[in-house]
Amino acid sequence: MRNFDKNQGFVRRFSSEAQRESIEYDVVIVGAGPAGLSAAIRLKQLSSEKGVDLSVCVVEKGPEVGAHILSGNVFEPRALDELLPHWKEEEAPINVPVSSDKFWFLTKDRAFSLPCPFDNKGNYVISLSQLVRWMGIKAEEFGVEIYPGFAASEILYDANDSVVGIGTNDMGIAKDGSKKDTFQRGVELKGRVTLLAEGCRGSLSEKLIKKYKLREKGHAQHQTYALGIKEVWEIDESKHKPGAVLHTIGWPLDQKTYGGSFLYHMKDRQVSIGLVVALNYHNPYLNPYEEFQKFKHHPAIRPLLEGGTVIQYGARTLNEGGIQSIPYPVFPGGAIIGCSAGFLNVPKIKGTHTAMKSGMLAAEAAFGSLREGTSLKSYWETLGSSWIWDELHRARNYRPAFEYGVIPGLAISALERYILKGRSPFTLKHGKPDHEATNAARLHSPIEYPKPDGVFSFDVPTSLHRSNTNHDHDQPAHLRLKDPKIPETLNLPEYAGPESRYCPARVYEYVSDENSQLKLQINAQNCLHCKACDIKDPKQNIEWTVPEGGGPTFVLALNSVTSIAAPSGELDGIIQSGKYHEHR
């Protein structure tokens, strides 16, 4: 069915499924992060250069652009220099150059300085959420249509099994499945090309990787992940050193668990501090959240935070597989870009610049496909000849080196960096997938963590309050158990219920029922969207799906960049305002 609105000047198409609205674009991009916005901007740049008009839509599940991105990042501007070379004159929120760069090995009571491997000269300490919001403004200036607050929940296919766009989820569904007064049908956003920039462990990206066997096609190993837990503090001005960067390795993690901390001095007396824990850890009693709380009490860290105040909390998983784990990124009808594919440079602990470059390369391939009849496969080819591939190839052996433990990992990493310089005649492989790495509880002893003092360390409810998590409680749970019996029959007796510890938001709790039997309770409203459960569950029994658009907001109220917002549940108003246009 077709309906033409003369007043608004666009075409509405309706699918046969309960009259779901269908809107067409040349390119649909899922995710308004660095990769998605870079792709959108590059597409519009090429359109302008070639004198054509490609319609580009970006859909973002966060309530505003940048809302699902944690502040605090050491940014390498290489890709931005290529994309928007006049970013300084255009007042990008990038103005705190790295002023010092330190790397420590921690024991329980000491900090030993090591040669710094991070190459941060010329980089900047930034709020990534502010940068993404600025990029969103630039994208809209180029003519990109951005719609925050709407979650892409399904892939749309044509009769040939090619991807033709995405569907957003229905809004206003109650927890029991009934329709509330605010019910709104989802929308089909159809694109001649669909680019997925969902970030680490993107739910739609993972489905397509499996459906089209993209990991096998790219001869890639499994992806391996880490969980990063972060706070932003406001500290005493006398202790604040804008641009100072510190990384540590060692304590509080054991010698078999890979991970480390970061501490970045941003502007306005703010520091971003966090702990990254590789999710292939063995001990099911390990609790990454509690390890982070313990870390802040180290005698080399605690003095900096004394007298300070926590103003933000969040958590995210990171791709750490490197070049060995990158799947073939092209599928029929589109491509996977950014951290959804896994371009993080592990020894640099940086993935923003590589994510942006991947989006730019995919945009160029998409433009060629749409306007010149070339194949989207050129994205894969240009990736292989780009500086992304060269950088990740040189870094390929750092992460798997730590399969042998922290000290051997440091030794192999030093050999790679200072002697072989990325020219190793071999490529190390990753160990078991993260969910298979968890040992049975009987092989370990429970870990006793100190109680939070409310000054440097905090309980989970306090941290959740600082995360601005704001899911509607009365909506279907977006965390689903494939087999509801596995938690009580396997996870609890065999692994001591690890989901109650690896989740940094207390989403999963074992509570006693009326018969005093422990049952798994899922507090989906607490979810930080970190994806750790989707990765670490021993039997891959937890399926992470998108909730209603919105969710946790990791943007500081004092961010200076104007937000781009489309409040959840106002799709009709957006359509009626004329922001959705007919594909021309």
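Residues numbered from 1 in each chain as written. Predicted model: local features only at pLDDT ≥ 70, side-chain atom pairs only at ≥ 80, totals over all residues. Heavy atoms only, no water.

Enquirer: Tell me about the overall build of the protein, residues and numbers included.
Expert: A tally of regular secondary structure across the protein gives 17 helices and 25 strands. On C-alpha atoms alone, the protein measures out to a radius of gyration of 23 Å, which is about the 25 Å that the 2.2 N^0.38 rule sets for 584 residues. Taking the principal axes of the C-alpha coordinates as reference, the protein spans close to 70 × 60 × 50 Å. Each of the 584 residues in the protein was classed as buried or not, and the buried ones make up 60%. A fraction of 77% describes how many contacts in the protein between residues 6 or more apart in sequence connect residues 24 or more apart. A total of about 23400 Å² of accessible surface is found on the protein, and carbon and sulfur atoms cover 49% of it. (Helix = DSSP H or I, 4+ residues; strand = E, 2+ residues; numbered from the N terminus. Rg over C-alpha atoms; globule rule 2.2 N^0.38 Å. Buried < 20%, exposed > 50% of the residue type's maximum accessible area, 1.4 Å probe, protein only. Contact = heavy atoms within 4.5 Å. Areas by Shrake-Rupley, 256 points an atom, 1.4 Å probe, with all protein chains shown as cover.)

Enquirer: Lay out the pattern of salt bridges in plain terms, naming residues and giving numbers.
Expert: Evaluation of the coordinates by the stated rule reveals 24 salt bridges. Between Lys348 and Glu76 there is a salt bridge whose closest N-O contact spans 2.9 Å. Pair noted here: Lys348 is in the loop between strand S21 (334–336) and helix H8 (352–371) and Glu76 is in the loop between strand S5 (73–75) and helix H2 (78–83), with a separation of 272 residues, a long-range link. Pair check on accessibility: Lys348 and Glu76 agree, each one buried. Between Arg185 and Asp170 there is a salt bridge whose closest N-O contact spans 2.5 Å. Of the two residues, Arg185 sits in the loop between strand S13 (179–184) and strand S14 (187–196) while Asp170 sits in the loop between strand S11 (163–168) and strand S12 (171–173), which places them 15 residues apart along the sequence. (Salt bridge = Lys/Arg side-chain N within 4 Å of Asp/Glu carboxyl O.)

Enquirer: Account for the sheet that holds strand S17 (residues 259–265), with residues named and values stated.
Expert: Read across the sheet, 7 strands follow the order S7-S6-S16-S17-S18-S15-S19 without closing on themselves; strand pairing throughout is mixed. Sheet topology places strand S7 (111–114) and strand S19 (309–319) at the edges, where each strand pairs with a single neighbour. Between one strand axis and the next, the sheet turns by 20 degrees as a mean value, whatever way the strands run. Judged from the 7 bridges that link them, strand S6 (residues 100–106) and strand S16 (residues 244–250) form a sheet pairing that is parallel. Its bridge partner lying in S16, Phe103 is registered against His247. (Pairing = 2+ DSSP bridges. Axes fitted to C-alpha atoms, helices over the stretch in contact; angles between N-to-C directions.)

Enquirer: Account for a nonpolar patch on the surface, naming residues and giving values.
Expert: A cluster of nonpolar side chains, Leu415, Tyr418 and Ile419, forms an exposed patch at the surface whose accessible area comes to about 300 Å². Tracing the backbone shows Leu415 in helix H12 (residues 406–420). (Patch = residues over 30% accessible without salt bridge, like charges linked within 9 Å, V, L, I, M, F, W, Y side chains within 5 Å.)

Enquirer: Could you give an account of the layout of surface pockets, with specific residues and numbers?
Expert: Empty space left among the atoms is revealed by rolling a probe the size of a water molecule over them. Empty space within the largest pocket amounts to approximately 510 Å³. What lines the largest pocket is a set of 28 residues, and nearest its centre among them are Phe103, Pro117, Phe118, Ile249 and Leu410. Elements represented by at least two residues in the lining of the largest pocket include exactly S16, S17, helix H11 (398–401) and H12. Per-element tally for the lining of the largest pocket: the top contributor is H12, with 5 residues. (1 Å grid on protein atoms, 1.4 Å probe; cavity = no way out; pocket = protein on both sides within 12 Å on 5 of 7 lines; lining within 4 Å. Points joined across faces, edges and corners; volume = space filled by probe spheres on them.)

Enquirer: Residue-level account of the pairing of strand S24 (residues 518–522), with values.
Expert: One ladder, built from 5 bridges, connects strand S23 (residues 508–512) with S24; its direction is antiparallel. Opposite Glu509, over in S24, you have Gln521 as the bridge partner. Counting the residues that bridge the hairpin from S23 to S24 gives 5 residues, and of these Ser516 lies at a positive phi of roughly 60 degrees.

Enquirer: An account of the nonpolar core is needed here, citing residue identities and associated values.
Expert: Within the largest apolar cluster, 83 residues are counted, with the highest numbers of intra-cluster contacts made by Ile29, Leu43, Ile94, Ile166, Leu189, Leu195 and Tyr379. At 10 residues, the largest contribution of residues to this core is made by H8. Ignoring any residue separated from it by four or fewer positions in sequence, one finds Leu195 in contact with Val27, Val28, Ile29, Val30, Ala39, Ala335, Ile337 and Ala362. If you look at the next biggest cluster of nonpolar residues, it comprises 52 residues, including Phe456, Phe458, Leu479 and Val546. (Core = buried A, V, L, I, M, F, W, Y, C linked by side-chain atoms within 4.5 Å.)

Enquirer: Could you give an account of the packing of helix H1 (residues 34–50) against H8, with specific residues and numbers?
Expert: Across the interface, H1 lies against H8 with an axial gap of 7 Å and an inter-helix angle of 40 degrees. Relative to H8, the element H1 lies oblique. As for the relative orientation of H1 and H8, their crossing is right-handed in sense. Two secondary-structure elements touch here, H1 through Pro34, Ala35, Ser38, Ala39, Arg42, Leu43, Leu46, Ser47 and Lys50 and H8 through Thr352, Ala355, Met356, Gly359, Met360, Ala363, Glu364, Ala366 and Phe367. Looking at the contact of H1 with H8 residue by residue, the class counts come to 11 nonpolar, 4 polar and 3 charged. (Parallel < 35°, antiparallel > 145°, perpendicular 65-115°, else oblique. Left-handed = near helix turned anticlockwise from the far one by under 90°. Nonpolar A, V, L, I, M, F, W, Y, C, P; charged D, E, K, R; others polar.)

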